[in-house]
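Listed below, chain by chain, are the residues.
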Amino acid sequence: MARFIEFYRFPNSDESEIEKKILTQPRILAYFKSDYENISKAQNVKYFHLPQHYDYPLDLNAGFSKHTFRVSKGNSSSLGTMLSWLMTSENNNYLDMAPNRIKIYTKRFSLHKLLIKPLTFRYQNNYPRTILFSRFKGALYMSESRINPEVDDTKISFFHHQGLINHLFSDSSEPSDENVIHKCIYRTNLDRYDIIYSGAANGIIADKEFTEM
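Residues numbered from 1 in each chain as written. Predicted model: local features only at pLDDT ≥ 70, side-chain atom pairs only at ≥ 80, totals over all residues. Heavy atoms only, no water.

*Asks:* Any chance you could explain the overall build of the protein chain here in plain terms?
*Replies:* Broken down by element type, the protein chain carries three helices and nine strands. Secondary structure elements of the protein chain, listed N to C terminal, follow the sequence β-β-β-β-α-β-α-β-β-α-β-β. Taking as baseline every contact in the protein chain between residues at least 6 positions apart, the subset at least 24 positions apart corresponds to 67%. Here the protein chain has roughly 14700 Å² of accessible surface; of this, 52% comes from carbon and sulfur atoms. (Helix = DSSP H or I, 4+ residues; strand = E, 2+ residues; numbered from the N terminus. Contact = heavy atoms within 4.5 Å. Areas by Shrake-Rupley, 256 points an atom, 1.4 Å probe, with all protein chains shown as cover.)

*Asks:* I keep staring at the nonpolar core and nothing clicks. Help me out?
*Replies:* For soluble globular proteins, nonpolar side chains are generally found buried alongside one another. Ranked by size, the top nonpolar core spans 16 residues in total, and within it Tyr-31 and Ile-195 carry the most contacts. Among the elements of the structure, strand S5 (102-107), strand S7 (139-145), strand S8 (180-190) and strand S9 (193-200) are those that each provide at least two residues to this core. Counting residues per element, this core draws most heavily on S8, which supplies three residues. By size, the runner-up hydrophobic cluster in this structure holds 11 residues, among which are Leu-79, Tyr-105, Ala-139 and Tyr-141. (Core = buried A, V, L, I, M, F, W, Y, C linked by side-chain atoms within 4.5 Å. Buried < 20%, exposed > 50% of the residue type's maximum accessible area, 1.4 Å probe, protein only.)

*Asks:* Can you walk me through helix H3 (residues 156-169) in this structure?
*Replies:* The end-to-end C-alpha separation of H3 is 20 Å, in line with the 20 Å expected for 14 residues at 1.5 Å each. Bending of H3 peaks at approximately 30° at the position of Gln-162. Residues of H3 that are buried include every one of Phe-159, Gln-162, Gly-163, Ile-165, Leu-168 and Phe-169, and no others. (Expected span 1.5 Å × (residues − 1). Bend = angle between axes of the 7 residues up to and from the residue.)

*Asks:* I would appreciate a short explanation of the packing of aromatic side chains in the present structure.
*Replies:* Two numbers describe a pair of aromatic rings. These are the distance of the centres and the angle of the planes. Following the criterion strictly, the structure yields five aromatic pairs and no others. With a centroid separation of 5.5 Å and an interplanar angle of 65°, the aromatic rings of Phe-64 and Phe-159 are classed as edge-to-face. With Phe-64 in the loop between strand S4 (38-41) and helix H1 (80-86) and Phe-159 in helix H3, the pair connects residues that are 95 residues apart, well separated along the chain. Judged by its relative accessible area of 0%, Phe-159 is buried. Consider the rings of Tyr-105 and Tyr-141, whose centres lie 5.1 Å apart with planes at 25°: the pair is stacked. (Phe/Tyr/Trp six-rings, centres within 6.5 Å; stacked < 30°, edge-to-face > 60°.)

*Asks:* So what exactly am I meant to see when it comes to the side chain of Glu-178 here?
*Replies:* When you line up the elements, Glu-178 lands in the loop between H3 and S8. In this structure the side chain of Glu-178 is engaged in a polar contact, spanning 3.1 Å, whose partner is the side chain of His-67. Excluding anything up to four places from it in sequence, Glu-178 contacts His-67, Thr-68, Phe-69, Arg-70 and Gln-162. (Polar contact = N/O pair within 3.5 Å; in protein donor to acceptor, adjacent residues only side chain to side chain.)

*Asks:* Before we go on, may I ask you to explain the environment of His-67 in this structure?
*Replies:* In this structure, His-67 sits in the loop between S4 and H1. Taking relative accessible area as the criterion, His-67 reaches 8% and is therefore assigned buried. Expressed as a C-alpha distance, the spacing of His-67 and Ser-176, which sit 109 residues apart in the sequence, is 5.2 Å. When residues no more than four places from it in sequence are discounted, the contact partners of His-67 are Phe-159, Gln-162, Ser-176, Asp-177 and Glu-178.

*Asks:* Looking at this structure, how should I read the environment of Met-82?
*Replies:* Topologically, Met-82 is positioned in helix H1. Contact partners of Met-82, with chain neighbours within four places excluded, come to Tyr-105, Thr-106, Ile-185, Ile-196, Tyr-197 and Ser-198.

*Asks:* I would appreciate a short explanation of the pattern of salt bridges in the present structure.
*Replies:* This model, assessed by the stated rule, comprises two salt bridges. Close ionic contact of Arg-101 with Asp-194 constitutes a salt bridge, the shortest N to O distance being 2.9 Å. Within this pair, whereas Arg-101 is found in the loop between H1 and S5, its partner Asp-194 is found in strand S9, the two being separated by 93 residues in sequence. Arg-101 sits in the partly exposed class, given a relative accessible area of 27%. Taken together, the salt bridges that share partners define one network made up of Arg-101, Arg-187 and Asp-194. (Salt bridge = Lys/Arg side-chain N within 4 Å of Asp/Glu carboxyl O.)

*Asks:* Teacher, can you tell me more about the pairing of strand S6 (residues 130-136) here?
*Replies:* Looking down a regular strand, the side chains alternate between one sheet face and the other. Of the pairings in the sheet, the one linking S6 to S7 comprises seven bridges and is antiparallel in character. Residue pairing for S7: Thr-130 is matched across the bridge by Ser-145. Taking the residues between adjacent antiparallel strands as the criterion, S6 and S7 are bridged by two residues, where Lys-137 takes a positive phi near 50°. (Pairing = 2+ DSSP bridges.)

*Asks:* Hey, could you run me through the environment of Gly-63 in this one?
*Replies:* Considering the arrangement of structural elements, one finds Gly-63 in the loop between S4 and H1. Spatially, the C-alpha atoms of Gly-63 and Phe-159 are 9.2 Å apart, while their sequence positions differ by 96 residues.

Listed below in structure tokens is the structure:
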């Protein structure tokens with residue numbers, strides 16, 4: 001039986017009136033590799049490795065000197081991966097519209113921000129976000145417009161998140177590269193909406209290895 005999580009939508013400004021909706025557990029439709037924005041089907045997957053007792057304390061600075069930071073940040077709300085996957089001939093069937101249902105194509109970050117919006121009303125002035133929609137052949141394409149602060153994210157403190165990923169999912173001693181990203185295409189349902197979205201996937205937790213991607 002599929003597991004569910006609850007999503008609450010406020011139909012108006014009165015938070016006492018809450019309409020409960022059900023968001024189904026996402027299913028993985030595809031697994032991709034984005035190599036300097038060149039998108040292709042992934043040939044391997046990284047597995048989660050729990051550090052052993054002798055690995056502690058973890059050195060999150062390890063690998064910083066050889067790490068390659070993102071060359072071009074571009075538009076972080078771009079739907080490039082989603083559209084590249086959608087336009088391949090084998091996936092054209094996802095463009096077909098089922099009766100009484102609406103498809104939404106987006107990326108995980110935009111979907112996340114939309115779902116938590118009802119819970120962050122009091123902070124919306126501090127974190128302004130704009131959700132952009134475009135309609136084509138009955139389907140909705142959703143992205144986000146936001147202003148990123150000017151920060152130097154090549155400092156070692158910004159590397160620590162990647163350093164932790166290297167400890168947990170690294171399957172080789174090769175230097176890490178932020179321009180080479182593995183992504184998944186997911187599908188979930190909410191009421192009459194079919195939501196198909198892309199999101200980065202650092203690796204998986206599994207008891208056995210996959211022989212087919």
